[in-house]
Amino acid sequence: MMANVAIPQAVSVRQADGKEVQIRVPGDEFFHYTTDMNGYLINQKKDGNYYYSSFTEDGRIRLSSNPYGSLKPVMHREYIPQTVKEKAVQRLEEMNARR
């Protein structure tokens, strides 16, 4: 069984204020996430807008109050805790073991 790629190309979405922005959805059908065009993590809130996000130390996603497209790109990427990376690798190994 092979996993399908999520969405490899950029996709246009519209924020609530009408502004059109480009997003990417790297990963596959089992593990994927959403980024802006610079690779920064973003997530959609219940209001329909995408917001810049980061990880807490325990691997949970923290959404900011800054809608995607409202800020200039910053010079650094958000820190991804090692525990999040380890969990992703562990999930991948478990999926491969089931094949």
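Just so it is clear, the model here is predicted, and its values are computed rather than measured. (Residues numbered from 1 in each chain as written. Predicted model: local features only at pLDDT ≥ 70, side-chain atom pairs only at ≥ 80, totals over all residues. Heavy atoms only, no water.)

**Student:** What is the right way to read the pairing of strand 5 (residues 50-55) from this model?
**Tutor:** Each regular strand shows side chains that alternate between the opposite faces of the sheet. Here strand 5 lies mainly inside the structure; six of its six residues are buried. When strand 4 (residues 41-44) meets strand 5, the two strands line up antiparallel, connected through three bridges. Within strand 5, the position partnered with Ile42 by the bridge is Tyr52. Two successive antiparallel strands, strand 4 and strand 5, enclose a turn made up of five residues, where Gly48 displays a positive phi of approximately 95 degrees. Pairing of strand 5 with strand 6 (residues 61-67) involves four bridges; the strand directions are antiparallel. Each bridged residue has a counterpart across the sheet, and for Ser53 the counterpart in strand 6 is Leu63. Hairpin connection, strand 5 to strand 6: the antiparallel pair is bridged by five residues, and Gly59 has positive phi, about 90 degrees. (Buried < 20%, exposed > 50% of the residue type's maximum accessible area, 1.4 Å probe, protein only. Helix = DSSP H or I, 4+ residues; strand = E, 2+ residues; numbered from the N terminus. Pairing = 2+ DSSP bridges.)

**Student:** Got a minute to help me understand the packing of aromatic side chains in this structure?
**Tutor:** Within a pair of aromatic rings, the relevant descriptors are the distance that separates the centres and the angle that separates the planes. The final tally for this structure, using the stated rule, is one aromatic pair. Measuring from centroid to centroid gives 5.8 Å for Tyr52 and Tyr68, while their planes differ by 90 degrees, and the two rings are edge-to-face. Pair noted here: Tyr52 is in strand 5 and Tyr68 is in the loop between strand 6 and helix 1 (82-98), with a separation of 16 residues, a long-range link. A residue is classified by how much of its surface remains accessible, and Tyr68, at 10% relative accessible area, is buried. Positioned above the aromatic ring of Tyr51 is the side chain of Lys45, whose terminal nitrogen or guanidinium carbon lies 4.1 Å from the ring centre. (Phe/Tyr/Trp six-rings, centres within 6.5 Å; stacked < 30°, edge-to-face > 60°. Lys NZ or Arg CZ within 6 Å of the ring centre and 35° of its normal.)

**Student:** Is there a simple way to think about the nonpolar core in this case?
**Tutor:** Across soluble globular proteins, you tend to see nonpolar side chains buried next to one another. Ranked by size, the top nonpolar core spans nine residues in total: Val13, Val21, Ile23, Val25, Tyr40, Ile42, Tyr50, Tyr52 and Tyr68. Among the secondary structure elements, those contributing two or more residues to this core are strand 2 (20-28) and strand 5. Top element by residues in this core is strand 2. It accounts for three residues. The contacts of Tyr68, once residues within four sequence positions are left out, are Gln15, Val21, Gln22, Ile23, Asp36, Met37, Ile42, Tyr50, Tyr51 and Tyr52. (Core = buried A, V, L, I, M, F, W, Y, C linked by side-chain atoms within 4.5 Å. Contact = heavy atoms within 4.5 Å.)

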